Amino acid sequence: MSDIEPSRQSSGWLTGVREAMPLLGGYIPVAVSFGLISTQAGFSTAETLAISALIYAGASQFLFVGMIASGSPLWLTVAMTLLINVRHVVYAPNIAPWLPQSRWWPWLMHGLTDQVFALAHSRLPQLPASRRVGWFFGAAMLAWLSWIAGSLLGAVAGEWLTSRWPLLGEVMPFALPALFLVLIVPRFTSRRWAAALGVTIAIALLCTLTGLTNIGIPLAAACGALCFYMIRLPETAGPTRGGRP
Amino acid sequence: MSLSLWIAMIIAALGTYLLRLLPLLWIQRRLTRTDDDGPVDALPKWLVILGPMMIAAVLGVSLVPRTADVPGWLATVIGLGVTLAVWRRTRSLGWPVVAGVFTFGLMVVATRMVV
């Protein structure tokens, strides 16, 4: 298989940008919060931007600046940051069957966040192979740049923004659950899948409500997978639009 | 930031990047070896199941509203209902999200005025 030509990739990147737009509703308010907290913790604007651009993993960034500000040992800060991000190891293998050969993938993996994975996992199988590199580039780049821009905004004007438009910061993040709902609904293809996915959502929700957000994602997903293997409900055929098993 | 802090940050960044990259390199080698089976069949079954579960988990984590009071939860439930209804009609990504966020915002404002 030869590398996908750049001209064919370019036809997909605009689609990727367009389809990743809903992510902005969740990314920008959270990035603004990070920028604000980071500067309040004593980091400069440039340092805040470097953390957002290079680590680029929401929850672990909050932990990183929080632990540094509280005087935790550096090795422990790094270890905890990586521990939170361990969940990323299952993302690339899950989308790998739909990644055509290209020398760009190793670089593009920097953009494989929770949200970009969820979007890519649903959309890549539906796209022709020639548009997938471009699509991923467009979606991941928009998400990355919006995260950096939001962090900058938060670092230089976070306090002013949150006091002037408090409702905006409360409403816009709803774009994330709305998007994930749209991405996961086509997977409810049988009672077995519905039960496993329902258990996963419920456990993740409970973990968040009890302050265990970081462990919530891998723990809930593991419980859901276990549920899938343990239960033997009749497989009822349903709509399989855009879905895999 | 001091030099040691910069080094710690770069190690954290590099480690996070490798957590995303190395599994790709591993699975690509596996896919190349088992190309005849088709790409999805070459994936371990647990991995195929874990993918949708991770998305469901991210959904569960994101469901908690910023202000987790009665208006916040009510707006979340109704917003999700509208998102689902619009998705069933359009089967698209963008419009259901726009409709859901708009409804959520309206509900937050409306319920705060009543409750």
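Residues numbered from 1 in each chain as written. Chains lettered and ligands numbered in written order. Predicted model: local features only at pLDDT ≥ 70, side-chain atom pairs only at ≥ 80, totals over all residues. Heavy atoms only, no water.

- Per an unreviewed UniProt entry, chain B carries the name Branched-chain amino acid ABC transporter and comes from Salinicola socius.

- In the nomenclature of an unreviewed UniProt entry, chain A is known as Branched-chain amino acid transporter AzlC of Salinicola socius.
- Recorded in UniProt under Subcellular location (unreviewed entry), the annotation for chain A is "Cell membrane".
- Reading the Sequence similarities (unreviewed entry) entry of the UniProt record for chain A gives the comment "Belongs to the AzlC family." (UniProt positions renumbered as here; feature names shortened; annotations may be inferred.)

1. Some points on the domain arrangement of chain A
All names here are of chain A.
Right, so step 1: Per the domain assignment, the segments of chain A are domain 1 (6-175) and domain 2 (188-245).
Right, so step 2: Every contact between the two is made by 10 residues of domain 1 and, on the other side, 5 residues of domain 2.
Right, so step 3: Taken together, the two surfaces of domain 1 and domain 2 that pack against each other cover about 590 Å², and 56% of this comes from carbon and sulfur.
Right, so step 4: The interface formed by domain 1 and domain 2 includes 0 salt bridges.
Right, so step 5: Elements represented by at least two residues in the side of domain 1 that touches domain 2 include exactly α5 (91-95) and α7 (114-123).
Right, so step 6: Per element, the largest residue contribution to the side of domain 1 that touches domain 2 is 3 residues, and it comes from α7.
Right, so step 7: Here the residues of the side of domain 1 that touches domain 2 are counted per class, giving 4 nonpolar, 4 polar and 2 charged. (Domains from an automatic or database assignment. Contact = heavy atoms within 4.5 Å. Buried area = accessible area lost by both parts, 1.4 Å probe. Salt bridge = Lys/Arg side-chain N within 4 Å of Asp/Glu carboxyl O. Helix = DSSP H or I, 4+ residues; strand = E, 2+ residues; numbered from the N terminus. Nonpolar A, V, L, I, M, F, W, Y, C, P; charged D, E, K, R; others polar.)

2. Describing the interface of chain A and chain B
Right, so step 1: Of the residues lining the interface, 87 residues belong to chain A; the matching set on chain B comes to 64 residues.
Right, so step 2: By the criterion of area lost to chain B, the three top residues of chain A are E170, F174 and V182 of chain A, representing 10% of everything that side buries.
Right, so step 3: Across the contact surface, chain A and chain B share 0 salt bridges.
Right, so step 4: Joining chain A to chain B, the criterion identifies 7 residue pairs in polar contact (both at pLDDT 80 or more).
Right, so step 5: Ranked by the residues each element gives to the side of chain A that touches chain B, the list is headed by helix α10 (residues 175-184) of chain A, at 10 residues.
Right, so step 6: When the residues that make up the side of chain A that touches chain B are grouped by side-chain class, the tally is 65 nonpolar, 13 polar and 9 charged. (Polar contact = N/O pair within 3.5 Å; in protein donor to acceptor, adjacent residues only side chain to side chain.)

3. Observations regarding the layout of surface pockets
A probe matching the size of a water molecule, rolled over the atoms, marks out where space remains unfilled.
Right, so step 1: Approximately 1,000 Å³ is the volume found for the largest pocket.
Right, so step 2: What lines the largest pocket is a set of 36 residues, among which V30, Q115, L176 and T213 of chain A together with V61 of chain B lie closest to the centre.
Right, so step 3: Counting residues per element, the ones that place at least two in the lining of the largest pocket are α1 (6-40), α3 (58-69), α7, α10 and α12 (213-230) of chain A together with α3 (45-62) of chain B.
Right, so step 4: In terms of residue class, the lining of the largest pocket is made up of 20 nonpolar, 11 polar and 5 charged. (1 Å grid on protein atoms, 1.4 Å probe; cavity = no way out; pocket = protein on both sides within 12 Å on 5 of 7 lines; lining within 4 Å. Points joined across faces, edges and corners; volume = space filled by probe spheres on them.)

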